[in-house]
Amino acid sequence: MEFLIPLSDTEGPLFQQVYRGLRRAILAGTFRAGNRLPSTRELAQRLAISRTVVLLAFDKLLAEGYVEGRGGSGTYVSASLHAERPIRKEGAAKLRLSRFGRAAAEAAGTVDFPGRRPTPLRYDFAYGGRGNVDTFPFEMWRRILIRHVQKAPARELDYGAAAGSSALREAIAAHVRRSRAVACEPEQLIVVNGSQQALDLVARVLLECGDRVVIEDPQYQGAREIFRAAGARLFPAIVDDDGIDPDTLPQRARIAFVTPSHQFPTGAILPLSRRLALLKWARGAEAIVVEDDYDGEFRYVGQPLESLQGLDSEGRVIYIGTFSRTMFSALRIGYLIAPKPLVPAFAAAKWLCDRHTAMLEQETLAEFISSGMYERHLRRVRRRNTTHREALLGAVKKYLGDRVQVSGEGAGTHVVLWLDRRQSEQAVIARAAATGVGVYGTAGYFMDRPSRPGLILGYSRLNERDIREGIRRLSEVL
Ligand SMILES: Cc1ncc(COP(=O)(O)O)c(C=O)c1O
């Protein structure tokens, strides 16, 4: 019989290697129950090793019950072996997924995570989690990071606090108090791996299966799928030009997930009157409001509106922020600011998930913020986004005119171009891609059927000339 013994590992004594090779061959079904193994002499010859080594390997297989001797006629794979251990057939085992596992697998199949394109396009209006890598002062960042790597005392390289580095929590709390009017102490802040982890923690800490969760419609699918996977009953709330309408919300809900500074994806800015109405509704509905302030640093028209969290007098709002948009998304640092009574549960949940966020990056970021570099970087990014936005709006007006309706231009880093109802979103996206222009559909963000076709265009990455040329090309395919 022709055979192959996969002696692929070379660890340990030689007889162990032969033993492992034979055992693998038996388990993989190369030698089946009742098959005779090659003789020790034959094996020794083939492998060019001493027969004693092979005998030792056979002894071990015998002792463990993989093989049996039959008088003088040789060594056989134990007859009982494959009855209990069938031949390996990948995918044959029935592995059941949990509810979360099923929901995650389903989401992976249906959710088109934003801005991902297999081949980059020349004029790619990518958005969503795209930071400002062109303006980011990587040299400074690198210097601080290296210093922390080299000089970190041993205790900084040990496990850290689940809620995050105290220097970073203080630096972020000071920043959001000033910049977003968030009312918080550093102790209320949990450092997380991006706001996506904050959403996951919210679902773990606050939701029971069957609880009602209000989400905006259209909505950020990363939040929708987390809540769905947690077994929530989703209540899609109407979003109009002013964002979520508090008058249309249900009497009771466990959570309302909102993006008031720049509704995702429509870009609507929730006016003060609605913010107050939403908080009033939450009181009546005994709901917790989860405020995702993913784009809150960028506001172009009117006064920046303070965060919902800052308006809340009852401790009903959980505020979530991220550095993905202002710095770069691979950093994976965000934060959750919880009402004081919820802090221990969130910190414990974070510990259970992954102990804590990487410490050296946290310390680096703490210094980056407290030294004023972050604030300077933000000013640069705001200036840059302002000119990009003007270039985009100017080009849309010039080339597209009233063929599209623009929303979301007051804040953030993307706008939506709503199309005529007769247009097919997918067809426009495909035709635009054929001319090198990357635009993205809104359909995937609606719970069910989209109200109308729309294109999302991020403008933080492309330069002004490319923005104009991209829009000119888009006008030819519309
Ligand atoms: C509305 C919104 N919230 C949250 C996130 C998650 O961002 P991150 O996990 O990178 O902080 C994104 C990313 O695209 C987003 O668009």
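Note that the coordinates shown come from a computational prediction; the quantities given were computed from them, not determined experimentally.

Calculation criteria
Residues numbered from 1 in each chain as written. Predicted model: local features only at pLDDT ≥ 70, side-chain atom pairs only at ≥ 80, totals over all residues. Heavy atoms only, no water. Helix = DSSP H or I, 4+ residues; strand = E, 2+ residues; numbered from the N terminus. Rg over C-alpha atoms; globule rule 2.2 N^0.38 Å. Buried < 20%, exposed > 50% of the residue type's maximum accessible area, 1.4 Å probe, protein only. Contact = heavy atoms within 4.5 Å. Areas by Shrake-Rupley, 256 points an atom, 1.4 Å probe, with all protein chains shown as cover. Lys, Arg positive; Asp, Glu negative; His and termini not counted. Charge placed at Lys NZ, Arg CZ, Asp CG, Glu CD. Disulfide = S-S within 2.5 Å. Near = heavy atom within 4 Å. Polar contact = N/O pair within 3.5 Å; in protein donor to acceptor, adjacent residues only side chain to side chain. Nonpolar A, V, L, I, M, F, W, Y, C, P; charged D, E, K, R; others polar. Domains from an automatic or database assignment. Salt bridge = Lys/Arg side-chain N within 4 Å of Asp/Glu carboxyl O.

## So, the overall build of the protein chain
And step 1. In terms of regular secondary structure, the protein chain is built from 16 helices and 16 strands.
And step 2. Relative to the compact-globule value of 23 Å for 478 residues, the protein chain shows a C-alpha radius of gyration of 30 Å, a clear excess of over 25%.
And step 3. The proportion of buried residues among the 478 residues of the protein chain is 51%.
And step 4. Contacts in the protein chain between residues far apart in sequence, at least 24 positions, make up 74% of those at least 6 positions apart.
And step 5. Counting every atom, the protein chain has about 22700 Å² of accessible surface; 51% of that belongs to carbon and sulfur.
And step 6. Taken together, the 68 basic and 54 acidic charged side chains of the protein chain have centroids lying 4 Å from each other.

## So, the environment of T435
And step 1. Of note, T435 is situated in the loop between α15 (425-434) and β14 (437-438).
And step 2. Distance in space between the C-alpha atoms of T435 and V477 is 8.6 Å, their sequence separation being 42 residues.
And step 3. Other than its neighbours up to four places away in sequence, T435 contacts R473 and V477.

## Here's the deal with the state of the cysteines
And step 1. A complete count under the given rule lists 0 disulfides for this structure.
And step 2. Here C353 stays free of any disulfide, with the sulfur of C209 as its closest cysteine sulfur at 18 Å.

## Comments concerning the site of the ligand
And step 1. Taken together, 13 residues form the shell around the ligand, and within it S195, D292, T322, S324 and R332 come nearest.
And step 2. At 3.0 Å, a backbone N or O of Q196 approaches an oxygen atom of the ligand.
And step 3. In this structure, an oxygen atom belonging to the ligand sits 2.6 Å away from a side-chain N or O atom of T322.
And step 4. Each residue belonging to the shell around the ligand can be placed in one class, and the counts come to 3 nonpolar, 7 polar and 3 charged.

## Section: the domain arrangement of the protein chain
And step 1. Domain annotation for the protein chain reports domain 1 (14-84), domain 2 (114-130 + 376-477) and domain 3 (138-371).
And step 2. For domain 1 and domain 2, the distance between their C-alpha centres works out to 65 Å.

## Overview of unusual backbone geometry
And step 1. Here the amide bond leading from D217 into P218 is cis, since omega sits at 5°, within 30 degrees of zero.
And step 2. As for its placement among the helices and strands, P218 is situated in the loop between β5 (212-217) and α9 (221-229).
And step 3. Geometrically, the link from F264 to P265 is a cis peptide bond, its omega value of 5° lying close to zero.
And step 4. Even without glycine at this site, E286 takes up a positive phi of about 55°.
And step 5. Tracing the sequence through the fold places E286 in the loop between α10 (272-285) and β9 (288-292).
And step 6. We note that R355 has phi near 70°; this positive angle belongs to a residue other than glycine.
And step 7. Along the chain, R355 falls in the loop between α12 (343-354) and α13 (359-370).

## Looking at the pattern of salt bridges
And step 1. Taken as a whole and judged by the stated rule, the model has 20 salt bridges.
And step 2. A salt bridge links E139 to R142; the shortest N-O distance between them is 3.0 Å. Placement of both E139 and R142 in helix α6 (residues 138-151) is noted, with a separation of 3 residues, approximately one turn of the helix.
And step 3. Among the salt bridges present, the one from E297 reaches R382, with a minimum N-O distance of 3.0 Å. Of this pair, E297 sits in the loop between β9 and α11 (308-311) while R382 is found in helix α14 (residues 373-400), placing the two residues 85 residues apart along the sequence.
And step 4. One continuous salt-bridge network, built from bridges that share partners, spans E469, R472, R473 and E476.

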